[in-house]
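Chain by chain, the residues:
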Amino acid sequence: MKAVLLAGGLGTRISEESHLKPKPMIEIGSQPILWHIMKYYSTFGIHEFVILAGYKQNKIKEYFANYFVYNSDVTFDMKNNNMEVHQRNAEDWKVTVLDTGLNTMTGGRILRAKEHLVDEPFMLTYGDGVADVDIDALLKFHQNHGKTATITTVSLAQQKGVLQKEESGLITSFREKSEDDSAIINGGFMVLNPNIFDYITEGDATIFEQKPMLKLAGDGELMGFEHDGFWQCMDTQREKEKLESLWASGKAPWMRWTE
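The protein chain has the name Glucose-1-phosphate cytidylyltransferase in an unreviewed UniProt entry, where Lachnoanaerobaculum umeaense is given as its organism.

Here is the structure:
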C-alpha cells in the first residue's frame, strides 16, 4: 500500500521558516517533519510514498536526491573532484515526488496523482502533522466497513475561555475552558479507495475537504476512525517548538523506531 502526503501548501502561518522551504521540510530535531511522518508509516510496513509537492517543490526533490549525503559521513576530494560516502544510511523507501502546481488545491493535488494510484486503496495524510495512530487498526477498520473513505478523527481541545455574548455586545457569562469544550476534527491519516477520484470533479480547484467530503458524507461513504491518543499539527512556530521539545526529550509519541 502507498502513502500519499500532501506537501504543497504555502505554510503562511509559520512564515518564519516557510519563506525558505515548504512547511513539510521544516525540521523537528535534525530531520524534516515529512521524514518523521514517513518513518512512522514505515514502522507499519508502508515503504512506498507519493509526495504531492507544490510550493518550493525543488527543496523536497533535492532532499531525497541527496539523502545519502545529508545522512552520512562524506569525504570530498577537491583536487580530483571526487566524493566518497563512508556509510549509506538508507531507508527502505520508494519515493515519488510530484510537482502538483503552486496554486492547486488539496483535491486537485490528489487528482494529479491518479496515475500513480491505479486500482488500489491508499493512505493519505497531511505533511505537517504527527500522531501515534494505530495504522494497522485504521486499515482493518477501513477494510471491514467497505466504504470509500476513512478519516481519522481527533478531539481538538478548546484553547480559550468560553463566553456568551448578546447582540448588543453584553457578555452574560464567562468560564475557563474544560475538557467538554473539545471539537471533533479531521486529523488526516486517511484511507481511500480508488473510486475517490469520482468525487474530485473540479480539477485543480477542488478543495478535498469541501465538496468531495460533503458528497462522501451525503452518500454514506465516509467513516471516522476515532483516535484518542497523541496528535499534533505544525501550523505555527509555537507548535513547532512543542514538537521540538517532545523530540528532544526522547519521548516523542510518534517515534516507534530505534535510531
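Participant: Talk me through the nonpolar core; I want residue IDs and the actual numbers.
Facilitator: If you look at the biggest cluster of nonpolar residues, it comprises 44 residues, and the most contacted ones within it are Y41, I51, I60, F64, I135 and W254. Broken down by secondary-structure element, the contributors of at least two residues to this core are β1 (2-7), α2 (33-42), β4 (48-53), α3 (57-65), β9 (129-131), α6 (135-145), β16 (231-233) and α8 (237-249). Of the residues forming this core, the biggest block, 7 residues, is contributed by α2. Beyond its immediate chain neighbours, meaning those up to four positions away, F64 contacts L34, M38, I51, W93, V95 and V97. Counting 21 residues, the second-largest nonpolar core is a separate cluster that includes V4, A113, F197 and F208.

Participant: Kindly report on the side chain of N71, identifying the contributing residues and their values.
Facilitator: Mapped onto the fold, N71 is located in the loop between α4 (67-70) and β5 (74-77). Looking at N71, its side chain comes within polar contact range of the side chain of Q31, at 2.6 Å.

Participant: Please provide a residue-by-residue account of the pairing of strand β8 (residues 122-126), values included.
Facilitator: Most of β8 is tucked away, with 4 of its 5 residues classed as buried. By the bridge criterion, 4 bridges tie β1 to β8 in an arrangement that is parallel. Within the sheet, the bridge partner assigned to L5 lies in β8 and is T125. With 3 bridges connecting them, β8 and strand β14 (residues 190-192) associate as antiparallel partners. From the neighbouring strand, F122 faces β14, where its bridge partner is L192.

Participant: Let's hear about the packing of aromatic side chains: which residues, and what values?
Facilitator: The tally for this structure, following the rule as stated, stands at 13 aromatic pairs. Seen in terms of ring centroids, Y63 and F64 are 5.0 Å apart; in terms of plane orientation they differ by 80 degrees. Their pairing is edge-to-face. Using a relative accessible area of 7% as the deciding quantity, one classes Y63 as buried. Its relative accessible area of 19% is what places F64 among the buried residues.

Participant: I'd like a description of α3, backed by residues and values.
Facilitator: Considered for burial, the residues of α3 that qualify are Q57, I60, Y63 and F64. For α3, the arc enclosing every buried residue in end-on projection is 120 degrees, short of the 170-degree limit, so these residues lie on one face. Contact partners of the buried residues in α3: β1, β3 (31-32), α2, β4, α4 and β7 (94-99).

What counts and how
Residues numbered from 1 in each chain as written. Predicted model: local features only at pLDDT ≥ 70, side-chain atom pairs only at ≥ 80, totals over all residues. Heavy atoms only, no water. Core = buried A, V, L, I, M, F, W, Y, C linked by side-chain atoms within 4.5 Å. Buried < 20%, exposed > 50% of the residue type's maximum accessible area, 1.4 Å probe, protein only. Helix = DSSP H or I, 4+ residues; strand = E, 2+ residues; numbered from the N terminus. Contact = heavy atoms within 4.5 Å. Polar contact = N/O pair within 3.5 Å; in protein donor to acceptor, adjacent residues only side chain to side chain. Pairing = 2+ DSSP bridges. Phe/Tyr/Trp six-rings, centres within 6.5 Å; stacked < 30°, edge-to-face > 60°. Arc of directions from axis to C-beta.

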